[in-house]
Amino acid sequence: MSKKRVLSGIQPTSDSFHLGNYLGAVKQWVDLQETHDAFYCIVDLHALTVETDPKLLRKRTLTSAAQLLALGISPEKSTLFVQSQVPQHNQLGWIMECMAGFGEASRMTQFKDKSSKAGADAARVGLFTYPMLMAGDILLYQTNLVPVGEDQRQHIELTRDIAGRFNSKYGETFAIPEGFILKQGAKIFDIQDPTAKMSKSSGSGAGLIDILDTPEVNAKKFKSAVTDAGREVKFDLVEKPGISNLLTIHAALSGKSIADLENEFAGKGYGDFKGAVAEVVVEYFRPIRAHALELLQDEAHLISILHKGSEKARSVAQITVDKAYKNLGIVL
Ligand code: TRP
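Residues numbered from 1 in each chain as written. Predicted model: local features only at pLDDT ≥ 70, side-chain atom pairs only at ≥ 80, totals over all residues. Heavy atoms only, no water.

**Focus on the environment of Lys 112**
Going by this rule: Secondary structure is summarised from DSSP: a helix means a run of H or I of at least four residues, a strand means a run of E of at least two, and numbering begins at the N terminus for each. Whether a residue is buried, partly exposed or exposed follows from its accessible area with a 1.4 Å probe, protein chains only, as a fraction of its type maximum: under 20%, in between, or over 50%, in that order.
Inspection of the secondary structure puts Lys 112 in helix 6 (residues 109-118). For Lys 112, a relative accessible area of 42% gives the class partly exposed. Spatially, the C-alpha atom of Lys 112 lies 8.8 Å from that of Phe 128, the residues being 16 residues apart in sequence.

So this is what it looks like as structure tokens:
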């Protein structure tokens, strides 16, 4: 039996992935490529929905690629590509826009949040049509499974609705994808404010761990991580959100269980524990950071890896575009 297809995308909107991006998403991508036919896409067209600086977009696209490779996405096992290099995304994106209702698109909570932040006049049309482009990303590859965070659940539902509607109106064209909503344990909180998700857009930066930051910077951040009342290293999300978050991080990277860690640190203070978390994180990312920086030294080589992935993606995507066009009555 052929493998099920997985597709996910990440926006090139930061200079470095943070620990939450890795533990909440990319780590699962790396695991899924072993068992699935995986397509992973750097969604640069989605990044254009807000004001972008051309130099930064270029740099961040390449940095995202280097990090994905260094974190273990293998170009042999997965198809790693850049969205804009596969023009079929724009082609199917338009079809999706023509299938989605204005009302249903207006109900997307992420659009409502982001556009209200930007101010109604500053928000761009592309921000509104973003979910339809995303639906195209997914349906182009006859995707079965879409690993995403909870915040993308509504976009996956919209994709399923559009696909189902298209299929019943124009004939079987798209596989109906399932969301694979990443589990709670993968949720990483800000280490200065453990009630907020680790995120680039919130917090001061002191609570955010960038994987490309130097070991020194990151070790220091962990040593000043916020802890809780009491002195026991115990997992308790209500009473000890700070310690629980640090336990989650340690466990995810060291492979030890939370219970083993609680035993290991029984009777030791928070200071020792934070030092240990710092060390686990820093040593985990030291070789990954070095590898990513090395890949960035040779842009031509990095771009050639992306070109190969994009070429493969185009050939798969074209089959779906042809099918959708034909079913719509477009003369091929
Ligand atoms: N909207 C997603 C996010 O912000 C990124 C994305 C774009 C995506 N296209 C996709 C995710 C297709 C999964 C599948 O996280």
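**Regarding the domain arrangement of the protein chain**
We apply this condition: Each domain's extent is set by a domain assignment, obtained either automatically or from a database. Accessible area that two parts lose when put together, evaluated with a 1.4 Å probe and summed over both, is termed the buried area. Each salt bridge in this description consists of a side-chain nitrogen of Lys or Arg and a carboxyl oxygen of Asp or Glu lying within 4 Å of one another. Between N or O atoms, a polar contact is any pair within 3.5 Å; within protein, one atom must be a potential hydrogen donor and the other a potential acceptor, and residues adjacent in sequence are included only when both atoms are from side chains.
Domains assigned within the protein chain are domain 1 (3-183 + 298-326) and domain 2 (203-291). Contact between domain 1 and domain 2 buries roughly 1,100 Å² in total, counting both sides, with carbon and sulfur atoms accounting for 75%. For the interface between domain 1 and domain 2, the tally reads zero salt bridges. Where domain 1 packs against domain 2, one counts five residue pairs in polar contact (both at pLDDT 80 or more). At the level of secondary structure, the elements contributing two or more residues to the side of domain 1 that touches domain 2 comprise helix 1 (19-35) and helix 3 (54-70).

**Side note on the nonpolar core**
What counts here: Nonpolar core, defined: a set of buried Ala, Val, Leu, Ile, Met, Phe, Trp, Tyr and Cys residues in which side-chain atoms within 4.5 Å join the residues together. Any two residues having at least one pair of non-hydrogen atoms within 4.5 Å are treated as being in contact.
Counting 59 residues, the largest nonpolar core has Leu 19, Leu 68, Phe 222, Ile 249, Leu 253 and Phe 285 as its most contacted members. In terms of residue count, helix 12 (residues 270-297) provides more of this core than any other element does, 11 residues in total. A domain split of this core shows at least three residues from each of domain 1 (3-183 + 298-326) and domain 2 (203-291). When residues no more than four places from it in sequence are discounted, the contact partners of Leu 68 are Ile 10, Phe 17, Val 26, Trp 29, Ile 42, Ile 73 and Leu 80. Among the nonpolar cores identified, the runner-up in size contains 39 residues, and Val 43, Met 132, Leu 139 and Phe 174 belong to it.

**Focus: the site of the ligand**
Stated formally: We call a residue near a molecule or strand when any one of its heavy atoms sits within 4 Å of it. Under the convention used here, a 1.4 Å probe and the Shrake-Rupley method define accessible areas, while residue burial counts only the protein chains that appear.
Taken together, 13 residues lie near the ligand, and Gly 9, Tyr 130, Met 134, Asp 137 and Gln 152 sit nearest. Between the ligand and the protein, one listed contact pairs a nitrogen atom with a side-chain N or O atom of Tyr 130 at 2.7 Å. A distance of 2.7 Å separates a nitrogen atom of the ligand from a polar side-chain atom of Asp 137. Coverage of the ligand by the protein amounts to 89% of the 360 Å² it exposes when considered alone. Those elements giving two or more residues to the shell around the ligand turn out to be strand 1 (5-10), helix 7 (125-140) and strand 4 (145-148).

**Describing unusual backbone geometry**
Here Gln 142, not a glycine, exhibits a phi torsion of approximately 50 degrees, which is positive. Mapped onto the elements of the fold, Gln 142 is located in the loop between helix 7 and strand 4. According to the relative accessible area criterion, Gln 142 is partly exposed, its value standing at 23%.

**Digging into helix 12**
Here is the rule we go by: Expected span of a helix, by definition, is 1.5 Å for each gap between consecutive residues, and there is one gap fewer than residues.
If you check helix 12, its first and last C-alpha atoms are 40 Å apart, about what 28 residues at 1.5 Å a residue would give, namely 40 Å. Every buried residue of helix 12 is listed here: Tyr 270, Phe 273, Lys 274, Val 277, Ala 278, Val 280, Val 281, Val 282, Phe 285, Ile 288, Ala 292 and Leu 295. Taken together, the buried residues of helix 12 touch helix 1, helix 3, helix 9 (215-223), helix 10 (241-254) and helix 13 (299-328).

**Topic: the pattern of salt bridges**
Side-chain pairs of opposite charge can arise where the charged atoms are in close proximity. Under the criterion given, the structure shown has 13 salt bridges. When the shortest N-O distance is used, the salt bridge between Glu 262 and Lys 234 registers 3.6 Å. Pair noted here: Glu 262 is in helix 11 (residues 258-264) and Lys 234 is in the loop between helix 9 and helix 10, with a separation of 28 residues, a long-range link. Note on Lys 234: relative accessible area 37%, which makes it partly exposed. With a shortest N-O distance of 2.9 Å, Arg 286 and Glu 283 are connected by a salt bridge. Here Arg 286 pairs with Glu 283, and both are found in helix 12, just three residues apart, close to one helical turn. Residue classification places Arg 286 among the partly exposed residues on the basis of a relative accessible area of 40%. Via salt bridges that share partners, Asp 15, Lys 59 and Arg 60 belong to a single interconnected network.

**Some remarks on the packing of helix 10 against helix 12**
Rules: Helix axes use the C-alpha atoms of the stretch in contact, all axes being lines fitted to C-alpha atoms, and the angles between their N-to-C directions lie in the range 0 to 180 degrees. Should the near helix be turned counterclockwise from the far one by less than a right angle, the crossing is left-handed, whereas a clockwise turn marks it as right-handed. When residues are grouped by polarity, Ala, Val, Leu, Ile, Met, Phe, Trp, Tyr, Cys and Pro land in nonpolar, Asp, Glu, Lys and Arg in charged, and all others, Gly among them, in polar.
The contact between helix 10 and helix 12 brings their axes to 10 Å, and the two run at 40 degrees. The chirality of how helix 10 crosses helix 12 is left-handed. Where helix 10 abuts helix 12, its residues Ile 243, Leu 246, Leu 247, Ile 249, His 250, Leu 253 and Ser 254 lie against Tyr 270, Phe 273, Lys 274, Ala 276, Val 277, Val 280, Val 281, Tyr 284 and Phe 285. Tallied by class, the residues present in the contact of helix 10 with helix 12 amount to 13 nonpolar, two polar and one charged.

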